[in-house]
Amino acid sequence: MHELGVAMEVVEVATRRAGGAHIRRIALEVGVLTAVLPDALSFCFDLATAGTKAEGAELELRTPPGRARCRDCSRELRLERPFGRCDCGGIDLDWLSGDELRIVELEVV
């Protein structure tokens, strides 16, 4: 389960940025194309925060949709997985969004 590693890295980055302050909330974007399962990440978050300045913090997950542009016809399409097919039949896609994995807000006290 790589979500535990992701949760631990998020907590490490957040605590470093908090500069010793207690963290109350972490808002995290996890795009649908990242192969990170939001439920598993939420489950691992409490384990990752135990004994840190983020212990007891709320994890707010935001899930940007997957969007891509077809290189054959320039049409934009929505992706639910890290692959897809355009209506024109094209499979050569440029990802526009959905692969985000970043801390977007940090609430400290």
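Since the structure is predicted, the reported quantities are computational estimates derived from the model, not experimental observations.

1. Side note on the sheet that holds strand β3 (residues 66-70)
Strands sit in the order β4-β3-β5 across an open sheet of three strands; the sheet is antiparallel. The open sheet is flanked by β4 (76-79) and β5 (93-97), the only strands paired with a single partner. The sheet shows a mean angle of 35 degrees between the axes of neighbouring strands, taken without regard to direction. Looking at chain direction, β3 and β5 are connected through four bridges and run antiparallel. Following the sheet pairing, arginine 67 is matched in β5 by serine 97.

2. Concerning the pairing of strand β2 (residues 58-62)
Here strand β1 (residues 23-30) runs beside β2; their pairing, made up of five bridges, is parallel. Directly across from glutamate 29, in β2, lies its bridge partner arginine 62. In the classification by handedness, the crossover that spans β1, the intervening helix α2 (residues 38-49) and the parallel β2 is right-handed.

The rules behind the values
Residues numbered from 1 in each chain as written. Predicted model: local features only at pLDDT ≥ 70, side-chain atom pairs only at ≥ 80, totals over all residues. Heavy atoms only, no water. Pairing = 2+ DSSP bridges. Helix = DSSP H or I, 4+ residues; strand = E, 2+ residues; numbered from the N terminus. Axes fitted to C-alpha atoms, helices over the stretch in contact; angles between N-to-C directions. Right-handed = clockwise from strand over helix to strand, strands pointing away.

All we've got here are geometric facts, nothing functional implied.
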